There are 2 protein chains.
Amino acid sequence: MATLRDVAKAAGVSVGTVSRVLNDSPNVSEAKRELVLKVMKELDYQPNFMAQNLGRKRSQTGEFGVVITGIDNPANAEMVRGATEEATKHGYTVMLCTAWTTQEIKRYLEAFIRRQVEGVAVASYMDQRTLLTVAELQTRGIPLAVCIDAEWPVAKGGKEHNFDGIATVAFESASTCEQAVQYLIALGHQRIAIIAGNAELNEADPRVMGYKNALQKAGIAYDRRLIFRGGSDTIMTGYRSMQEILARGRGISAVFGFNDLLAIGAMRALHEAGLRVPEDMSIMGFDNILMSGYVNPSLTTINVPKYEIGRDLIKQLVGVINDEPISHECLGTNFVVRQSTGLAPGSV
Amino acid sequence: MATLRDVAKAAGVSVGTVSRVLNDSPNVSEAKRELVLKVMKELDYQPNFMAQNLGRKRSQTGEFGVVITGIDNPANAEMVRGATEEATKHGYTVMLCTAWTTQEIKRYLEAFIRRQVEGVAVASYMDQRTLLTVAELQTRGIPLAVCIDAEWPVAKGGKEHNFDGIATVAFESASTCEQAVQYLIALGHQRIAIIAGNAELNEADPRVMGYKNALQKAGIAYDRRLIFRGGSDTIMTGYRSMQEILARGRGISAVFGFNDLLAIGAMRALHEAGLRVPEDMSIMGFDNILMSGYVNPSLTTINVPKYEIGRDLIKQLVGVINDEPISHECLGTNFVVRQSTGLAPGSV
DNA sequence: CTGTTAGCGCCTTCAG
DNA sequence: CTGAAGGCGCTAACAG
C-alpha cells in the first residue's frame, strides 16, 4: 500500500505538493499536478481515509447517514430513494441503517457519529423517545434532519422538544385524515375502526386527531375500543387486527389502517373470512405505497410525499453544511380514493 | 472533545494505561481501570475512531457493508433483515447501500473500502459485470461474500469467474422452476410466457433453464417470443409487460414472473382488463415475498430463502475474519402453490 | 507556487 | 502491571 510519502518521493516532490493535488488545491503548477497524478496511478496509490480525516478540523467524509425504522415498509424504501438520489446529486453517498427499535437506532446513530458522517437524516416517523435519542446528535455538532408529523410533538404530558437546532421536514396529515374520515362518514359509515399498528396512540397523532375531528363534526361519539393496536407496522399485524375486529363484531363497517401494509393485511383477512371489500367493509390506508394501486381491490389511501421527504431531508442537510440557516418545511398530503371504500352496508 | 491524553492527565495515569482500559486489556489493575472509566465518563470522553484505526494493522471498525440492488424489492429487504440480525449477533453493525446500477455499486463499494469495513456482502442477484466489479475487492484484502444462482456463472461466451477467494451463498432454483413449470403444463397450459423484468436473459439463468427443461420434457417447443423483458424489477414493469402480452394475444394462458413484484403487477393489468386469475390466466411468481400471500388472489410462487441468504452471507464473512477457510453454500428453494394458478381455459 | 515542519489522537512496542 | 517514546498517513500552517 503506497503512501503519500512514497508518491512524493517517486515524483521527486514534497508531500505537501502531493497533498495539494490530492485536495484539488489551485496552488499547484499544471506540470507537477500531472506528474503527481501519473505517479499516483503507477503506484496505485489510495489515500488513507482515516489518516485524511484525522488531521482535518471539519472532516469531509462525503457521507450522510440515513436511519429508517423497518426496511420492510415500502414507504420507507421510497424515502430512501429520494434521499439517495439527492445525496448523489451533491456528490454525497448515503449510509443506510435499518433499525427496528429505539435501542438499535441509538446504536446506529453512534456508529454514524464515530464514522463522522457529515449529517444524519431520520426518515421515519419517530416517537418521542427516539427523537430524544436522536436529538443528542446536535450536541455533537452533527447536522441533523428529521421527518415529523406537522402537529408533533404536542403530546400532553410529553416532554416538549425544541427543534431549533434540527432541520425538519414535516408533513401535514391531520386535515387530510379528517377529510378522509368525513368521506367515509358521508358514505354512511358510523362505526369506523382504526388499525394503529405500532403507532404511539395519543391525542397528538395527527391521524387520530383528524379521525376525532371528523367524528365530532358528524356528531359521532369517539369510542376508543374501536382502536386496535398490533405492535408492529406489518401486513401480518393488519391481518391479525382485522381478525380481532371480526371476532369482536361491533357493527364496524369501515377500517382505517394507519399504513397501507396494515390495510392490505386487513383486506386479506376479510377475503379469507368470505367478506367483500368494499361491499361488506370499507378499508382505507395511509402512505400510498406503490403496491396499493395494484392490490385487488385497489386501496383508498392517503398519499404521503415519501420521495420528497427523503429528498428534502438531504437538501436541508446540505444546506446546513453550507452554513445556511436551519429550515423547517411542511409538505402536504392528499386523499386518494380508489376501490376499497364504498357505501356502508344497508345504507342504500 | 476530550482526548485520551486529557483523560490520562485527569486520572493521573499514562496514556498507555488509558489506552489499555479502552481496549479491554487484562493488564490493568482493577483500581486503575475503574478510576479511568470514571474519569472517562466525567469528561464524556469519546475515542476518535479515525485515530484508533489509523495506527492499527488490521482495522477493527466493527462494520460490514451490505450492497443491495433496489431497496424497493421486499425480497431484498428480507435479506437485509437476515444480514442485520446475524451481524448484530456477532457485535457488528451493518452499513447498507442501495444501488441500482453497476456504476453505483462500484461507487459504494469504494466508499466501503475507504471506510475500512471488515467485510462486504452483496445480497442481490448480480449480473456478470457487477460481479467483476465486486471481485476487485478481493485484491484489496477485504473479505467478500456474494449471493449467486447455483448454476451461475456458466454463460456460454461469458467470462468465467473464479470464486476461490469469495465466499458464496448460492440458491438452487433451476430444478424448482422446472417443477413449477411442469405443474403449469400439467394444468393444461401450453403457451407459457415469461416476464423477465431486468434479468439478464441468457441460457445460464436458472429460471430460464428450468423453464426450458420442463418444456422440453413435455415436448413443447421453446418460443423466445414468449419472453418479455421490461428493464426493471418492479410492479410497474410487470403491469406493462402483461399489457403487452394481452395486446399481442398469442394464446398465452399462463405467465411466469421472474419475481413476485412483476407477477403482482401482471395480475393488476389482468384485473383491469376484466380477466380473471386464474380462470382466464394463471400467474406464477418468484421470491415469495410476504405480500404474495396477501394479494388477491394469493400468488403461486417459488420460495427463496431470503432471510437465510442474508444471514449466511454475514456468517461467512465472520468466518473469514476468524481465519476459517472460505466456504461455499447452497440453499434450496421450493414451490409454493397458492391461488393464482389453475387449469388452462378450456382444458376441463 | 513549493518544501518543511508540526501535529491530529491513538496504538504499540519497549523498558522498568 | 505501568510509563515513555515512536510512529500510523495525512493535513495544515509556515516560510521561502
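Cut-offs and rules
Residues numbered from 1 in each chain as written. Chains lettered and ligands numbered in written order. Predicted model: local features only at pLDDT ≥ 70, side-chain atom pairs only at ≥ 80, totals over all residues. Heavy atoms only, no water. Pairing = 2+ DSSP bridges. Helix = DSSP H or I, 4+ residues; strand = E, 2+ residues; numbered from the N terminus. Axes fitted to C-alpha atoms, helices over the stretch in contact; angles between N-to-C directions. Contact = heavy atoms within 4.5 Å. Core = buried A, V, L, I, M, F, W, Y, C linked by side-chain atoms within 4.5 Å. Buried < 20%, exposed > 50% of the residue type's maximum accessible area, 1.4 Å probe, protein only. Buried area = accessible area lost by both parts, 1.4 Å probe. Salt bridge = Lys/Arg side-chain N within 4 Å of Asp/Glu carboxyl O. Polar contact = N/O pair within 3.5 Å; in protein donor to acceptor, adjacent residues only side chain to side chain. Nonpolar A, V, L, I, M, F, W, Y, C, P; charged D, E, K, R; others polar. Least-squares fit on C-alpha atoms with pLDDT ≥ 70 in both. Near = heavy atom within 4 Å. Phe/Tyr/Trp six-rings, centres within 6.5 Å; stacked < 30°, edge-to-face > 60°. Lys NZ or Arg CZ within 6 Å of the ring centre and 35° of its normal. Parallel < 35°, antiparallel > 145°, perpendicular 65-115°, else oblique. Left-handed = near helix turned anticlockwise from the far one by under 90°.

Picture the strands of a sheet paired through backbone hydrogen bonds; they go either parallel or antiparallel. All names here are of chain B. Read across the sheet, four strands follow the order E7-E6-E8-E9 without closing on themselves; strand pairing throughout is parallel. With partners counted over all chains shown, the strands left at the sheet margins are strand E7 (227-229) and strand E9 (282-284), one partner each. Across this sheet, the average inter-strand angle for adjacent strands is 20°, counted without regard to direction. Alignment of strand E6 (residues 192-197) against E7, held across three bridges, turns out to be parallel. Among the inter-strand pairings, isoleucine 195 is bridged to a residue of E7, identified as phenylalanine 228. Taken strand by strand, helix H8 (residues 174-186) contacts E6, strand E8 (254-257) and E9, and its axis lies near 175° from that of E9. Sheet contacts for helix H11 (residues 260-272): E6 and E9; angle to E9, the most-contacted strand, approximately 160°.

Further remarks concern the nonpolar core. Counting 198 residues, the largest nonpolar core has Ile283 of chain A together with Ile283 of chain B as its most contacted members. The contacts of isoleucine 283 of chain A, once residues within four sequence positions are left out, are Met242, Val255, Ala263, Ala266, Met267, Leu270, Val277, Leu299, Thr300, Ser340 and Thr341 of chain A.

A few words now on the interface of chain A and chain B. Facing the 49 residues of chain A at the interface are 48 residues of chain B. Between chain A and chain B, roughly 4,700 Å² of surface is buried when both sides are summed, and carbon and sulfur atoms account for 59% of that area. On the chain A side of the interface with chain B, the three residues burying the most area are Met50, Arg115 and Tyr294 of chain A, jointly 17% of the side's total. Taken together, the links from chain A to chain B amount to four salt bridges. For arginine 114 of chain B, the salt bridge goes to glutamate 63 of chain A, with nearest N and O atoms at 3.0 Å. In this assembly, chain A and chain B are joined by 17 residue pairs in polar contact (both at pLDDT 80 or more). Per-class residue counts for the side of chain A that touches chain B are 26 nonpolar, 15 polar and eight charged.

Moving on: the relation of the copies chain A and chain B. Mapping chain A onto chain B is achieved by rotating through 180° and translating by 0.1 Å along the same axis, at an RMSD of 0.2 Å. The superposition operator between the copies reduces to a two-fold rotation axis. Of the residues that chain A buries at the interface, 98% are likewise interface residues in chain B, meaning the two copies contact each other through the same surface.

Quick look at the protein's contact with DNA strand C now. If you check the shell around DNA strand C, you find 25 residues, and the closest are Thr17, Arg20 and Ser29 of chain A together with Leu4 and Tyr45 of chain B. For DNA strand C, the backbone portion of the atoms within 4 Å of the protein, that is sugar and phosphate, comes to 71%. The side chain of threonine 17 of chain A places a nitrogen or oxygen atom 2.6 Å from a phosphate oxygen of DNA strand C. Here a phosphate oxygen of DNA strand C sits 3.3 Å away from a polar atom, N or O, in the side chain of glutamine 52 of chain B. Every element with two or more residues in the surface near DNA strand C is listed here: helix H2 (15-22) of chain A together with helix H2 (15-22) and helix H4 (49-54) of chain B.

In the region of DNA strand D, 25 residues are neighbours, and Leu4 and Tyr45 of chain A together with Thr17, Arg20 and Ser29 of chain B sit closest. Near-protein atoms of DNA strand D (within 4 Å) split between backbone and bases, with sugar and phosphate holding 75%. Between DNA strand D and the protein, one listed contact pairs a phosphate oxygen with a backbone N or O atom of leucine 4 of chain A at 2.3 Å. Measuring from a phosphate oxygen of DNA strand D, one finds a side-chain N or O atom of serine 19 of chain A at 2.9 Å. Of all the secondary-structure elements, those providing two or more residues to the surface near DNA strand D are H2 and helix H4 (49-54) of chain A together with H2 of chain B. The residue inventory of the surface near DNA strand D, partitioned by class, reads nine nonpolar, twelve polar and four charged.

All names here are of chain A. Tracing the chain through its elements places threonine 237 in helix H10 (residues 235-248). For threonine 237, a relative accessible area of 8% corresponds to the buried category. Along the primary structure threonine 237 and alanine 263 are separated by 26 residues, whereas in three dimensions their C-alpha atoms are 9.5 Å apart. For threonine 237, the residues in contact, after removing those within four places along its chain, are Gly197, Gly230, Ser232 and Leu262.

Attention shifts here to the packing of aromatic side chains. All chains considered together, the criterion is met by ten aromatic pairs over all chains. On the numbers, 5.3 Å between centres and 75° between planes, the contact of phenylalanine 256 of chain A with phenylalanine 258 of chain A is edge-to-face. With respect to class, phenylalanine 256 of chain A is no different from phenylalanine 258 of chain A; both count as buried. Here the guanidinium or amino end of arginine 107 of chain B rests over the ring plane of tyrosine 108 of chain B, the centre of that ring lying 5.5 Å away.

Moving on: the packing of helix H1 (residues 4-11) of chain B against H2 of chain B. Residue and element names in this part refer to chain B. For the pair H1 and H2, interaxial distance at closest approach is 8 Å and the crossing angle is 110°. Of the possible angle classes, the one that applies to H1 and H2 is roughly perpendicular. When you trace H1 past H2, the crossing you get is right-handed. Facing Leu4, Arg5, Val7 and Ala8 of H1, the residues of H2 in contact are Val15, Val18, Ser19 and Leu22. For the contact of H1 with H2, the class distribution of residues is six nonpolar, one polar and one charged.

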